[in-house]
Amino acid sequence: MDERNEKLIQGKERLAAIGRTRPKNTAPTAGKLPPGQHEVKNWPVLDLGVHPDIPFDKWTLRIEGWVENPVTLTWADYQKLPFIEKTADFHCVTTWSKFDNHWTGVAFQTICDLVKPKANATHVYFTGYDDYSTNLSLPAAIDDALLVHEWEGQPLPREHGGPVRIVVSKIYAWKGAKWVKEIIFLPHDRLGFWELRGYSNTADPWTDDRYS
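Keep in mind that this is a model prediction, so the values were computed, not measured. (Residues numbered from 1 in each chain as written. Predicted model: local features only at pLDDT ≥ 70, side-chain atom pairs only at ≥ 80, totals over all residues. Heavy atoms only, no water.)

Draft legend 1. Layout of the pattern of salt bridges. Applying the stated rule across the entire model yields 10 salt bridges. A salt bridge links Lys32 to Asp89; the shortest N-O distance between them is 3.3 Å. With Lys32 in the loop between helix 1 (6–19) and strand 1 (38–39) and Asp89 in strand 4 (residues 84–91), this residue pair connects regions lying 57 residues apart in the sequence. A relative accessible area of 13% places Asp89 in the buried class. (Salt bridge = Lys/Arg side-chain N within 4 Å of Asp/Glu carboxyl O. Helix = DSSP H or I, 4+ residues; strand = E, 2+ residues; numbered from the N terminus. Buried < 20%, exposed > 50% of the residue type's maximum accessible area, 1.4 Å probe, protein only.)

Draft legend 2. Expanded view of the pairing of strand 4. Looking at chain direction, strand 4 and strand 5 (residues 96–107) are connected through seven bridges and run antiparallel. If you follow His91 over to strand 5, its bridge partner there is Ser97. Connecting strand 4 to the antiparallel partner strand 5 that follows it, the hairpin turn spans four residues, and Thr95 within it adopts a positive phi of roughly 90 degrees. (Pairing = 2+ DSSP bridges.)

Draft legend 3. Local environment of the packing of aromatic side chains. For the coordinates displayed, the defined rule picks out 18 aromatic pairs. Plain terms: the ring middles of Phe56 and Trp75 are 4.5 Å apart, the flat faces sit at 25 degrees to each other, and that makes the pair stacked. On the criterion of sequence distance, the pair formed by Phe56 in the loop between strand 1 and strand 2 (60–65) and Trp75 in helix 2 (residues 75–79) is long-range, its members being 19 residues apart. The exposure class of Phe56 is partly exposed, given its relative accessible area of 45%. The exposure class of Trp75 is buried, given its relative accessible area of 17%. Look at Tyr132 and Phe193: their rings are 5.9 Å apart centre to centre, the planes differ by 45 degrees, and that puts the pair in the tilted class. One end of the pair, Tyr132, is in the loop between strand 6 (123–128) and strand 7 (133–137); the other, Phe193, is in the segment after strand 11 (180–186), and 61 residues separate them in sequence. Note on accessibility: Tyr132 and Phe193 belong to one class, buried. (Phe/Tyr/Trp six-rings, centres within 6.5 Å; stacked < 30°, edge-to-face > 60°.)

Printed below as a string of structure tokens:
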């Protein structure tokens, strides 16, 4: 990942180091806004400074690990999966929240039905075409994760992770990998890119759970 923005990464690492020493913001907020967040109307672009350009005919998603039926999906395979529509909020650890996004994609339960996780699978590890990685417990992924290819009725823009990204709504958005390339089911947890650099492994916006 030679093109990534190392200065941005170092800045966020310093932010995490500082953030670990400050008290969490537990002040109650009105409505749907978690503590320490503010609402935005636009959708800011945040990443490692790399925007992979993956044509539909070159895109694949490998799903493997502790599963009975590992698969590699092409775009044509993905299009045959059942889609759902979901309206949900999006909370970024950099303190902004965007409400009522309209997503179209594949529920994580559908992925589980396809690959059949083994009984001892407890966690999921995601990687992206930009070499980003992140992790979720398997129950959290089933409850909250969505593979998204459309936003507001249009193809997901490249800068936001198109053709397909992972979206989570109940936790901070860094837990949703852009340009998703691989999903690995594991019998244990494996920390991802930001989790290894001082960011919370649980990432609950309602408890201001930003840093480890």
